[in-house]
Structure formats: C-alpha cells, structure tokens
Amino acid sequence: MGFSDADLQAIGLTLRLASLTTVLLLLIGTPIAWWLARTPSHWKGPVGAVVALPLVLPPTVLGFYLLVAMGPNGPLGQVTQALGIGLLPFTFWGLVIASVFYSMPFVVQPIQNAIEALGDRPLEVAATLRAGPWDRFFTVVVPLARPGFLTAAILGFAHTVGEFGVVLMIGGNIPGETRLVSVQIYDHVEAMDYAQAHWLAGSMVLFAFLVLLALYTLNPTQRRF
Amino acid sequence: MSDTHIHARFQLTYADFALNVDLTLPGRGVTALFGHSGSGKTTLLRLIAGLKTVPTGYLCVNGEVWQDGTTCVPTHKRPLGYVFQEASLFPHLSARGNLEYGMKRVGSAMDRAALEQAVTLLGIGHLLERRAHQLSGGERQRVAIARALALHPRLLLMDEPLAALDLARKQEILPYLERLHDELEIPVLYVSHAPDEVARLADTVVMMEQGEARAVGPVAEVFSRLDLTLAQDQEASAIIEGVVLSHDDDYALTRLTIPGGRLTVSRLARALDERVRVRIHARDVSIARDEPGTSSIVNILPARIVELRELDPAQVLVKLATGSGEQTPLLARITRYSCDRLHLQVGQPVFAQVKAVALMD
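Residues numbered from 1 in each chain as written. Chains lettered and ligands numbered in written order. Predicted model: local features only at pLDDT ≥ 70, side-chain atom pairs only at ≥ 80, totals over all residues. Heavy atoms only, no water.

The name recorded for chain B in an unreviewed UniProt entry is Molybdate transport system ATP-binding protein, from Allochromatium warmingii.

What counts here: UniProt positions are given in the numbering used here, feature names are shortened, and annotations may be inferred rather than shown by experiment.
Within an unreviewed UniProt entry, the label attached to chain A reads Molybdenum transport system permease, and the organism entered is Allochromatium warmingii. Its UniProt record gives chain A the following Sequence similarities (unreviewed entry) comment, quoted word for word: "Belongs to the binding-protein-dependent transport system permease family. CysTW subfamily." As stated in UniProt under Function (unreviewed entry), the record for chain A gives "Part of the binding-protein-dependent transport system for molybdenum; probably responsible for the translocation of the substrate across the membrane."

1. Describing the packing of aromatic side chains
Stated precisely, the cut-off is as follows: Planes of paired rings set the category: under 30 degrees apart is stacked, over 60 is edge-to-face and the rest tilted, where pairs are Phe, Tyr or Trp rings (Trp by its six-membered ring) whose centres lie within 6.5 Å. Put simply, DSSP H or I for four residues or longer makes a helix, DSSP E for two residues or longer makes a strand, and each gets a number counted from the N terminus. Here, over-ring charges are defined by two tests on the NZ atom of lysine or the CZ atom of arginine: distance to the ring centre within 6 Å, and angle to the ring normal within 35 degrees.
The final tally for this structure, using the stated rule, is ten aromatic pairs over all chains. Centre to centre, the rings of W34 of chain A and F137 of chain A are 5.7 Å apart; their planes meet at 80°, and the pair counts as edge-to-face. Note that W34 of chain A is positioned in helix α1 (residues 5-38) and F137 of chain A in helix α7 (residues 133-144), a separation of 103 residues in sequence. Of note, R105 of chain B hangs over the ring of Y101 of chain B, and the distance from its end group to the ring centre comes to 3.8 Å.

2. A look at the state of the cysteines
Under the convention used in this document: When two cysteine sulfur atoms are found within 2.5 Å, that pair is recorded as a disulfide.
Taken as a whole and judged by the stated rule, the model has zero disulfides over all chains. You can see C60 of chain B has no disulfide; the closest cysteine sulfur is in C72 of chain B, sitting 14 Å from it.

3. Details of the domain arrangement of chain B
Residue and element names in this part refer to chain B. The cut-off we apply is this: Boundaries between domains were set according to an automatic or database domain assignment. Two parts lose some accessible area (1.4 Å probe) when they are put together, and adding that loss for both gives the buried area. Each reported salt bridge corresponds to a side-chain nitrogen of Lys or Arg within 4 Å of a carboxyl oxygen of Asp or Glu. Pairing of N or O atoms within 3.5 Å defines a polar contact, subject to two protein rules: one partner must be a possible hydrogen donor and the other a possible acceptor, and residues neighboring in sequence count only if both atoms are side-chain atoms. Note on residue categories: nonpolar means Ala, Val, Leu, Ile, Met, Phe, Trp, Tyr, Cys or Pro, charged means Asp, Glu, Lys or Arg, and polar means any other residue, Gly included.
When the domains of chain B are assigned, the result is domain 1 (5-222) and domain 2 (237-359). Interface of domain 1 and domain 2: buried area, both sides summed, is about 530 Å²; carbon and sulfur atoms make up 53% of it. Among the residues domain 1 hides against domain 2, the three largest losses belong to A199, V219 and A220. Together they make up 62% of the total. At the boundary of domain 1 with domain 2, the tally comes to one salt bridge. The interface formed by domain 1 and domain 2 holds three residue pairs in polar contact (both at pLDDT 80 or more) in total. Mapped onto the side of domain 1 that touches domain 2, the elements with two or more residues apiece are α6 (195-201) and α7 (219-223). In terms of residue count, α6 provides more of the side of domain 1 that touches domain 2 than any other element does, six residues in total. Residues belonging to the side of domain 1 that touches domain 2 are distributed by class as follows: seven nonpolar, one polar and three charged.

4. Let's talk about the pairing of strand β17 (residues 315-322) of chain B
All names here are of chain B. Defined as follows: Only protein chains enter the calculation, and the probe is 1.4 Å; a residue is then buried if its accessible area is under 20% of its type maximum, exposed if over 50%, and partly exposed in between. When DSSP finds two or more bridges between two strands, those strands count as paired.
Among the eight residues in β17, seven count as buried, and that is most of the element. Relative to β17, strand β16 (residues 299-310) runs antiparallel, the two sharing seven bridges. Within β17, the position partnered with A303 by the bridge is T322. For β17 and strand β18 (residues 328-335), the ladder comprises eight bridges, and the chain directions are antiparallel.

5. Points about unusual backbone geometry
Residues and elements named next belong to chain B. For Q210, which is not a glycine, the phi torsion comes out positive at approximately 45°. Checked against the element boundaries, Q210 lands in the loop between β9 (204-209) and β10 (212-218). Positive phi outside glycine occurs at D273, with the angle close to 70°. Structurally, the position occupied by D273 is in the loop between β13 (261-266) and β14 (275-281).

6. Considerations on the environment of I174 of chain A
Residue and element names in this part refer to chain A. Convention followed: The criterion used for residue contact is that any of the two residues' heavy atoms lie within 4.5 Å.
Residue placement: I174 occurs in the loop between α9 (165-170) and α10 (181-190). Note: C-alpha distance between I174 and P122 (52 residues apart in sequence) is 50 Å. Discounting chain neighbours no more than four positions away, the residues touching I174 are F90 and R179.

7. Some details on the sheet that holds strand β12 (residues 253-258) of chain B
Residue and element names in this part refer to chain B. With antiparallel pairing, five strands are arranged side by side in an open sheet as β13-β12-β11-β14-β20. Since the sheet does not close on itself, it has two edges, and those belong to β13 and β20 (358-359), each with one partner. Examined bridge by bridge, β12 and β13 share six bridges and lie antiparallel to one another. Counterpart to T257 in the pairing with β13 is R262.

8. A look at the pattern of salt bridges
Pairing between side chains of opposite charge can happen when the charged atoms of each approach one another. In this structure the tally under the stated criterion is 22 salt bridges over all chains. Between D187 of chain A and R179 of chain A there is a salt bridge, with its nearest N and O atoms 3.5 Å apart. The salt bridge partner of R154 of chain B is E64 of chain B, with a shortest N-O separation of 2.1 Å. Residue R154 of chain B is located in the loop between α4 (137-149) and β7 (155-159), and its partner E64 of chain B is located in strand β5 (residues 64-67); the two are separated by 90 residues in the primary sequence. Because the salt bridges share partners, they merge into one network encompassing R121 and E124 of chain A together with R46 and E86 of chain B.

9. Some details on the side chain of S99 of chain A
Topologically, S99 of chain A is positioned in helix α5 (residues 92-118). Ignoring sequence-local partners within four residues, the contact set of S99 of chain A consists of L17, T21, L25, M104, T160 and E163 of chain A.

Below, the structure written as structure tokens:
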C-alpha cells in the first residue's frame, strides 16, 4: 500500500496551489495589512471586516459568489474574457484566485498585528537616521515584524492546503487541474476505499501537526524595545 | 553673509491644545526648550524634525530652509540628529549596527574618524558588539546619542534624553552631555522639564507655557526673571558662569571670578582659568543693609536691588545685581517681614550673603 499515482498528483497540485497562493498573498496582503495597521481612516473597520469575512462564512458561500463573479456574466469573468484568458472556474488559476480570497485573513491579520505592535517609534527613528519610506519598510519593519510575516506565510499555506468547500464550488474535481488532496480524500471515502483515504488523511494530520509545531517553535515571543 | 540662526514659526490648533511660536534661536550652543509636560516643547521639537507637520509653518536652520509655505523637507532628508526620550535602539541590530545604520545612509560609512569620535565622546567603545537588550538604560541612551552624532548632523535635537532614567543613570550621562556642549560646533535643541538639567547644560532657554514661548534668553537671565514660574519655584536659583582664579589648598577652597565680583567655593578639581558654572539657590541668599562685620558666611557680595516681588503673604523674592560694571544677577528669597523691616526698595545698595554655592558639574 502507499500513495497511488492519483494521490501523488493531488499532493503535487495541492503544494503548487498553496505555494503560489502564499506568495501572492504575501504580496497582496502586506500592503493591506500595512494600511489596516496604520490608517486613521474610518474605512479601517469596514475593510478589516471584509478581509476577515472568510473566517466566518461557510466556504460554500464564498465559493458560490466567486463562481458567480468568475462566470461568463460576472465582473471577473468579463475581465478575463476581454483579456482573452477565457473563464476561470474549473481551472487551476480559478482555484488560485479563490484561495487568495479564502486565505486572506490568515495572512493579513498576523502581519497587521505585528505592524501595530511595532508602533510609530522605530519608523520615526529610522527617518531621523535618513531612511526613506521603502528603506524603512525593508530594514526596520520587515526584520522587526518577521515573526508576524512567518506566521502569516505558514498559516496562509496551511489553510490553503486544507481548503475543500471552495474547491468543490470553483474547481470541481478535475485530475491534475483542480483535484486537490482534500477532494481526493472525499473521492476515496465516496468509493468506500478507506485504506487509501487513511493514507492521505493521516498524512494531512501529520502535516497539520508539523505546521503548528513549526509555528510554535520557530516563533518565540518577540523581543521588544 | 550666511544666517547663523534657527528661525521657527509654527501654528497648530487641536481641540485641547494649541501651539503658536515664532522663534529666532542661536545657531550655536545648547538651547533648552523648557516647560511642564503639555507645554508644547516636544511638539515643537517634532515639528522641527519634521516628524509632525503642519501646512503653515516656517523653519530655516542656519540659512537652509527646511519648511516654508510651499515646501516641507521630509525628516529623512533633513541633516539632523534626533535623540528620543526612551532608548530607541533597533533591537535587531548590535550597538555598532545601530551606529552604522544612519552612517551608511549619509555616506559616511567609511568615515572611521566620525565613528571613532562619536564612540570616544560617549565612551561606548566596549559596548559595540552588544544588542540593545544587553545594555543598561544609560548605555542605550549613550549609544543613541552617538548614533545621532555619527551622522554629522547640522542640528541635534534631544527630547528629554534623561527623563526615562533613574538618578544614577542621569549622573552617568550628564558628563557626556556636558562634553557635547563643550565640543560640538552645531546647535543643539534640548527638551527638558528639569531645571537642574537646563541650568547645567543650556546656554539659551526657551520657556514654554501652554503652547507659547513665554520667554527666550540666556539661561542666567531667564532663570532670574521674577515674572516667570522658574524664579517662583522652591528650587529657584541664579546661574553664574565663573572662571577658576586660584586654589587655597590649606583651607581646601577655590576662588572664582564672576562678572562683577568673586566667589569662594569648596576646593574644585579644576585647572586655573577653567570655566565653571555654579548655581545659587534663592533660599540660600540673605540680605543685609550694612556690611556684616563678623560672620561665618564667606561670600558676601555688594549688590543692588533690581526688583522685588511678593510671592505670598510670607515671602518676598528679591532680584539683585552684584558689582557695578559687569553684573551678575542673584536671587534671594526672604520673609516679607524682613523686607519691610529693612525698608528694602528697588535701586538700594545692599549686601548679599550667600550661604551655599552649588557646583553644577
């Protein structure tokens, strides 16, 4: 016994999706987290709530709206069609976009918390030491908020790996394209192939444990000023 | 001719606080922004640093405009050094890394001499490889001061650099600040609410009250102005710059020349002709109409009454000027009873009996 070829394909696809999503989320989520952490704007509350929606919404609801948005008549669908990309539902890239929304709060919130905890002072100090805005971000914020970024990356990755409801709504079950580990397990169970399901499910449990272990050991309490 | 002054004009209004200053300050020496908390002194310093901005402001430092109606140079492009109240070292860098952070950005990273000078001045050579959490509060603040100096700033701003430290740490840092005072060519703006620090370090004082500059002038003058709270405080004192004239090792005494007279103090470990700053508390000065014949008090200075001010029904504050040509202001706090009994009046010649002289450094 062991992983079947289909299982391995699902694992590879899942890792690819989670890695890509994590990279995209760090790029997209960091400016959002920065804005949320530092803005005095009244929009902070509403924007923060929208980012956090996936935490409380059933994945099927999120998946449903994303499906509609990416569909032929949805705004996203219109854009992708106009760009000649075609439609995204039931494609790998459709899953990537859905995952970005789905895992957004897991990336934004740790970064936002870390930046909020830094406060203004280190940035002011850096400014008096001649560091411009980008310089301040990369030489002060990133190293001092590193535990936050690390947590964000790990949680974003792990949460994307664990996604199921959104995948079914957006991606369906196309081998090599949208059939992720979680869907593969579902298929095994549907087919009453419990032995095969155990292999994958057990691996997921081990993976989740290792991720959390890494999170707690790599991320000791941050030293403050 | 280049302008060697700092011109600062700022207006700022919040619901519970307003700042309105229009200052011309000397382009050299230490200027203290002095006042209670909430008087606007730190806000003013932050405006000068550009850490806080107001649309209508004007700032010109030794001929260079940093802010006017149309432009406002961002903080990181102003050639200044800033020392924050609490230790503000970057925790992810060593002391050396902190020093070099700014130096790299002003292009003086290769300037070993600048680093050496700052390190020597603050006595932190043995601490360079340590991280912030391995340094004491006083050591951290010394590194922070050196970090600001290593930039070769054209203006040094210090926001209560001693306020977060205990007395022992203060005593540890004050000598270094005095060396700065003696050796720096650039203007220093020093925010403080502690009269003793100001008396010790400042050349010029800006007295801040409720967002406005109540008084600006040389430290000795501002400290002895009877209309300011400084003179009405329990710790009210005159500040006197003197020069070491002679030592008397037999009696362990030192004689100082002060403008318009002489002072005898306990033996000072100072070279002849060295400048020293002393402080004479108003409570340590009494007044006699006639020259006291025999008294245990050593320092009896002929003086003239310049101003009288009733502090309360019991006490009167007297401002005196010693000597004739060059004069030194002195303050005396006496009872109103004595004042009436001696018929003290402005312009009257008297003798000031100084019971104690406190050396500032």
